[in-house]
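Structural characterization, general
Read off the chains here:
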Amino acid sequence: MTFDYIEKRLSRLLERYGKFVASHYLPFIVTPVVITVMLGFGVLRIQQNTDTEYLFSPENGPAKEHRRQIEKHFHVNYDTGFMPDRKTEVGRYAHSLIVAKDSPSVLREGILHEIIQFHQEVMNLTVESGNKTYSYENLCGKWKTECVDPNLVLKLLHYNARNINFLTLSYPFTVVQDAKFFIGSGLGGVQIQDDKDVIVFAKAISLVYSLRSAELDDVSRRWEDAFIALASNYQSDKFNMTFIVSTTFDDDFVDIVYSMIDLLIISFFTLTSFAVVSCMMLDWVASKPLLATLGVISALLAVVSSFGLLMLFGVPFTHLVIGMPFLTLGVGIDDTFIMIASWRSTSPHLSVRDRLGKTFSEAALSITITSITDALAFGIGAISNFPSVRIFCCYCGVAIVFDYIYQLTFFGGCMALIGRREKQNRHCVTFRKVVSKKEAPSTQYKLFCAGGVSKMPENYEVDKSEHIIMKFFNEYYGPFITKKWFKGLTLFVYLGYLGVSIFGCLQLSEGINPKQLALEDSYSVGYYDTHETYFIQYGPVVQMVITTPQHYSDASVQEEFRRVLQELRDTSYFHKDGTHTTQCWLIEYLEFLNQSGLSYDGEDMFIFHLRNSFLNFQSYMKYEVDVVFSFDNTTIEASRCLVISHNISNANVERKREFMDRSREIAALSWIPMLVYHPSFIFDDHFAAILPSTIQNVLIAVVSMLLVSLLLIPQPICGLYVTISITSIIVGVIGFMALWDVGLDFVSMIIIVVCIGFSVDYTAHVAYVFVISQRDSRNERAIESLHLLGLPILQSVFSTILAVSLISTTKTYMFRAIFKEIFLGILFGGIHGLLFLPVFLSSIGPVRTRHKKEKRAETFKNIKILRGRYNAGFEDILPQSPVVLISFSKRQGWASQ
């Protein structure tokens, strides 16, 4: 069976295309530049999206569906019915946490006096919009006619610090004038008397300012900016203050982009320098510093074109997208090295047209394979249900496609132009005609000017000297690693690698906490640290919502309510004492009926007492927003209760996930259709979506890469080696990233898939060269694989790591995680390609059969004849032997330097 049908025909097509480019190079250079300039104007239509909920929560998460159901019945009324614990979205807010410096407690007159002063300054903050001036009083959510004031401690003091000397506070509930107030979430680091609930001291106090997020959203955002300015510059000798606002992440994302721009500029010049140095030789004609620079520019054109095109079509820009240029430049410079090295493998005595045709038949086919695998990896990521991942992969995938197109057009045209300089024996820097080293008139001329090939018949030959690293792999490294004792050592090392990797996989954490989204020098980091230290005892207030009509006068419904509430409190995620930590209209209404002596004999009378008695009392009016009556007031259409959680920390993502899942499980097991909800569940839904999405994407990626390998690398057995190697590399990446403090989240999920695309480059072609090698023993065939591919693998590893290395200096967890994963993927891919796979193939690889030897005998006979003609001075005709066919390997061209 013939497996090289596609490969052969694509190679011939690319060879003809390369010759055409050589003959008409100018349009191929100019057209991509013009297209880039035109598409570049699309950047003017940039639509930056910094919405944390949209970007980092799964689109089909259960919490979003629950919110839609709740909002059908419970609309947040900021004008007269606003209650912070009953919000369905985070909304606009400013939140400050104040911690006493020298005093053990903030409940001291001196400290409270300064805290109240700060509070008054916040109240006096104003912003202008149009012809109006807005203060907090104009922007706050209101209950009845007054701003909701969640700062209960200050309110109980009547905003007079002296009153702390006459007021005894208990915790978490305090009673003032027969009214009970919950202050559990308002004070932190509280110590109480052992036999009473009286507060001995409280280390911290929380101040919350809730704002409108609907009709005055823009004004509220500007007020938040004013709050940031005030809080950032506020100085006190008595307390430290941390704070956060709803736009904190928005601002951090913008700052991340600006900080990455400087790194991108540095990366561009660093890669350009690396490319120039890599393409320099002792031959001043064969050296190609200008072409190397143009190769980096080609990748830069791809970056600009992809930005412009996608922004032109309205694809939003997110801060993660700023990482795309680093990846694209890394891939682009690899492709540049392939093209240049493949050009060098051709005879300088050929015409530019023939040399470029041969270059395209080998190198262009090579980058076709890797471009397909890389684009596939990002294409798989583009089907993610996380918009941030989808947008990032969309930009990266389009950039890879543009890079491939520009390599075959712009860079191909540049190669033809520079090839004409080389054909004329011109210096790579001065462009002056020079003579070959054999004809150099002096040592200085030979060192700094000479190069190229001689036009003299007696000097008409090609330098067959081999690259020093190729020689090292062939004569030293290859024979060394194929020794029996070293194979045993390698197996031991590999088992250790696999063991550590599997151990790391078992330690892998899922999800990401909000602090990891922020800049490490952001003011929000201090807020999260303070909150974790003092304010997690009383956590999110969970809404238990019934969205279908029920007969609440029925004893079975009432008992089911009690059972569900009790089951929630029996978990470790809620407080055991439901009296203090549960707000449920039905429970309190039933107690009210019992105490007042009112009775009911059906649903009508039950609702009558509820509407006309219970909800008219001042202490029960808050439940107006928890009960929804039908239009004719004969049925309760929906209702809800609230339960305060216990010790739910953002830093402990595992507990946070278990808290959400267990709450939903309890609600789902009830015979009354109900759901549990908190606005943070929108983001927390990513916990459950990460692992299934990762498994799905990895399986799709492995199958896709295998199909590409089978179609374009004409040896089916390579598919087995590719699959095993990719699995080994990915297990290593996942395991070691867990040990390197990187969890499985929406960002690392897609980078794992990208690493699969990269790993194909290091394994598939090594296996293929081994399979087609004409040498007799497994050891010799493994050595040949290293001889031909060792150098390109090394160069690829160093160039790719160099491209992304600057990301490691960023002050944000997400980009450092991207660097760590790519570093591990490239490192382990290189180790598999240079050590593990050659050693295993030399031990248990397929044995060359006699049939295959005889089948290729005639080919090798022809090779010897052609080489004989070549040595006699005839024009170089490259034989299409199986060994030469490895040229379609991504970086084979370097092997011929």
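Everything numeric in this text was worked out from a predicted model, so none of it was measured. Every residue gets a number counted from 1 within its own chain, in the order that chain's sequence is written. Local features are withheld for residues below a pLDDT of 70 in this predicted model, meaning they are given only at 70 or higher, and side-chain atom pairs are given and counted only at 80 or more; totals for whole chains, interfaces and linings count all residues. To get the side-chain values, all heavy atoms of the structure are used, and hydrogens and water are removed first.

Section: the overall build of the chain
- The helix and strand labels rest on DSSP assignments: H or I over at least four residues marks a helix, E over at least two residues marks a strand, and numbering proceeds from the N terminus. Along the backbone of the chain there are 29 helices and 15 strands.
- For the C-alpha atoms alone, the extent of the chain along its principal axes is close to 120 × 60 × 55 Å.
- Using a 1.4 Å probe on the protein chains alone, a residue whose accessible area is under 20% of its type maximum counts as buried, one over 50% counts as exposed, and one in between counts as partly exposed. Taken across its 897 residues, the chain has 57% of its residues classed as buried.
- For the chain, the accessible area works out to roughly 37,900 Å², and carbon and sulfur atoms hold 59% of it.
- Charged side chains of the chain number 79 positive and 85 negative; the gap between the two group centres comes to 15 Å. Method for areas: the Shrake-Rupley scheme with a 1.4 Å probe, in which residue coverage is limited to the protein chains shown. Here Asp and Glu are counted as negative and Lys and Arg as positive; His is not counted, and neither are the chain ends. By convention, the point assigned to a charge is CZ for Arg, NZ for Lys, CD for Glu and CG for Asp.

As for unusual backbone geometry
- Across the junction of Y171 and P172, the peptide omega takes the value 5°, indicating a cis bond.
- The residue P172 is located in the loop between helix 7 (152-156) and strand 6 (173-176) in this model.
- You will see that K144, though not glycine, has its phi angle at about 65°, which is positive.
- Position of K144 relative to the elements: it lies in the loop between strand 4 (142-143) and strand 5 (146-147).
- Residue F431 is not a glycine yet carries a positive backbone phi of 65°.

Section: the nonpolar core
- To form a nonpolar core, buried Ala, Val, Leu, Ile, Met, Phe, Trp, Tyr and Cys residues must be joined to one another through side-chain atoms within 4.5 Å. Counting 159 residues, the largest nonpolar core has F56, F392, Y395 and F746 as its most contacted members.
- Whether two residues are in contact is decided by their heavy atoms, any of which lying within 4.5 Å being enough. The contacts of F392, once residues within four sequence positions are left out, are L320, V321, G323, M324, L327, F378, I750 and I751.
- In terms of nonpolar packing, the next biggest core, distinct from the first, is built from 50 residues, Y136, A202, L207 and M241 among them.

Topic: the pattern of salt bridges
- Each salt bridge in this description consists of a side-chain nitrogen of Lys or Arg and a carboxyl oxygen of Asp or Glu lying within 4 Å of one another. For the coordinates displayed, the defined rule picks out 26 salt bridges.
- The shortest N-O distance in the salt bridge between R221 and D250 comes to 3.3 Å. Here R221, found in helix 8 (residues 217-233), pairs with D250, found in helix 9 (residues 248-278); they are 29 residues apart in sequence, far enough to count as distant.
- Measuring nitrogen to oxygen at the nearest pair gives 2.6 Å for the salt bridge that ties R563 to E567. One end of the pair is R563 and the other is E567, both in helix 18 (residues 555-569) and four residues apart, which spans about a single turn.
- Given the relative accessible area of 33%, R563 is considered partly exposed.
- Linked through salt bridges whose partners overlap, the residues forming this network are E560, R563, E567, R662 and E665.

A closer look at the side chain of S388
- Looking at the secondary structure, you find S388 in helix 13 (residues 387-423).
- Leaving out residues up to four positions away in the same chain, S388 has contacts with L55, F56, L320 and F746.

A look at the pairing of strand 1 (residues 92-100)
- Taking burial as the measure, the nine residues of strand 1 include nine buried ones, the bulk of the element.
- Two strands are counted as paired when DSSP detects at least two bridges linking them. Both strand 1 and strand 9 (residues 199-211) contribute to a ladder of eight bridges, which runs antiparallel. Pairing of A94 across the sheet is with Y209, part of strand 9.
- Bridging between strand 1 and strand 10 (residues 239-245) involves seven bridges; their strand directions are antiparallel. Within strand 10, the residue paired with A94 across the bridge is V245.

Re the state of the cysteines
- Our working definition of a disulfide is a cysteine sulfur pair at a distance within 2.5 Å. Tallying each qualifying case throughout the model produces two disulfides.
- There is a disulfide in this structure between C140 and C147, and the S-S distance comes to 1.8 Å. Because the torsion about its S-S bond is -70°, the bridge between C140 and C147 counts as left-handed.
- A relative accessible area of 0% places C140 in the buried class.
- Each disulfide pairs two cysteine sulfurs, and for C584 the partner residue is C641, the sulfurs being separated by 2.1 Å.

With respect to the confidence of the model for the chain
- pLDDT expresses, on a scale from 0 to 100, how confident the predictor is about each individual residue. For the chain, the mean per-residue pLDDT works out to 85, and 91% of the residues sit at or above 70.
- Low pLDDT, under 50, characterises residues 458-465; the predicted model gives this stretch 16 contacts beyond four residues in sequence or across chains.
- With pLDDT under 50 throughout, residues 853-897 is counted as low confidence; its partners more than four residues away or in other chains account for 97 contacts.

Description of the packing of helix 10 (residues 289-312) against helix 13
- Viewed as axis vectors pointing N to C, helix 10 and helix 13 meet at an angle of 145°, and their least axial separation amounts to 7 Å. Our pair here, helix 10 against helix 13, has a crossing hand that is right-handed.
- Of the residues belonging to the contact of helix 10 with helix 13, the class tally is 22 nonpolar, five polar and one charged. Think of each axis as a best-fit line through the C-alpha atoms, taken over the contacting stretch in the case of a helix, with angles from 0 to 180 degrees between the N-to-C directions. Here a crossing is called left-handed whenever its near helix is offset anticlockwise from the far helix by less than a right angle, and right-handed whenever the offset is clockwise. Residues are grouped as follows: nonpolar covers Ala, Val, Leu, Ile, Met, Phe, Trp, Tyr, Cys and Pro; charged covers Asp, Glu, Lys and Arg; every other residue, Gly included, is treated as polar.

A short note on the side chain of T373
- Its location among the elements puts T373 in helix 12 (residues 352-381).
- Classification of T373 by relative accessible area gives buried; the value is 0%.
- Excluding residues within four positions of it along the chain, T373 makes contact with M705, V708, G757, V760 and D761.

A look at the packing of aromatic side chains
- For this analysis, a ring pair means two rings from Phe, Tyr or Trp (six-membered ring only for Trp) whose centres lie within 6.5 Å, classed as stacked if their planes differ by under 30 degrees, edge-to-face if by over 60, and tilted for the remaining angles. Evaluated as defined, the whole model comprises 57 aromatic pairs.
- Seen from their ring centres, F659 and F681 are 5.8 Å apart, and the 65° between their planes marks the pair as edge-to-face. One end of the pair, F659, is in helix 22 (residues 653-668); the other, F681, is in helix 23 (residues 680-684), and 22 residues separate them in sequence. The same class applies to F659 as to F681, namely buried.
- Every member of this aromatic cluster is reached through a ring pair, and the members are F118, Y136, Y209, W223, F227, Y234, F239, F243 and Y523.
- We note K144 situated over the ring of W143; from NZ or CZ to the ring centre the distance is 4.9 Å.
- In this analysis the charged atom, NZ for Lys or CZ for Arg, is taken to sit over a ring once it is within 6 Å of the ring centre and within 35 degrees of the ring normal. Over the ring of F74 we find R640, and its NZ or CZ is 4.4 Å from the ring centre.

Quick notes on the sheet that holds strand 1
- Spatially, 8-9-1-10 is the arrangement adopted by the four strands of the open sheet, whose pairing is antiparallel. Looking at the sheet topology across the chains shown, the edges are occupied by strand 8 (187-192) and strand 10. Neighbouring strand axes in the sheet, compared pairwise and without regard to direction, differ in orientation by 20° on average.

Digging into the packing of helix 5 (residues 109-123) against helix 8
- Where helix 5 meets helix 8, the closest approach of the two axes is 10 Å, and the angle between their N-to-C directions is 150°. Taken as axis vectors, helix 5 and helix 8 run roughly antiparallel relative to one another. Handedness of the helix 5/helix 8 crossing: right-handed. For the pair helix 5 and helix 8, the contacting residues are F118, E121 and V122 in the first and W223, F227, L230 and A231 in the second.
- Of the residues assigned to the contact of helix 5 with helix 8, the class counts are six nonpolar, no polar and one charged. Here roughly perpendicular refers to angles of 65 to 115 degrees, roughly parallel to angles under 35, roughly antiparallel to angles over 145, and oblique to all remaining angles.

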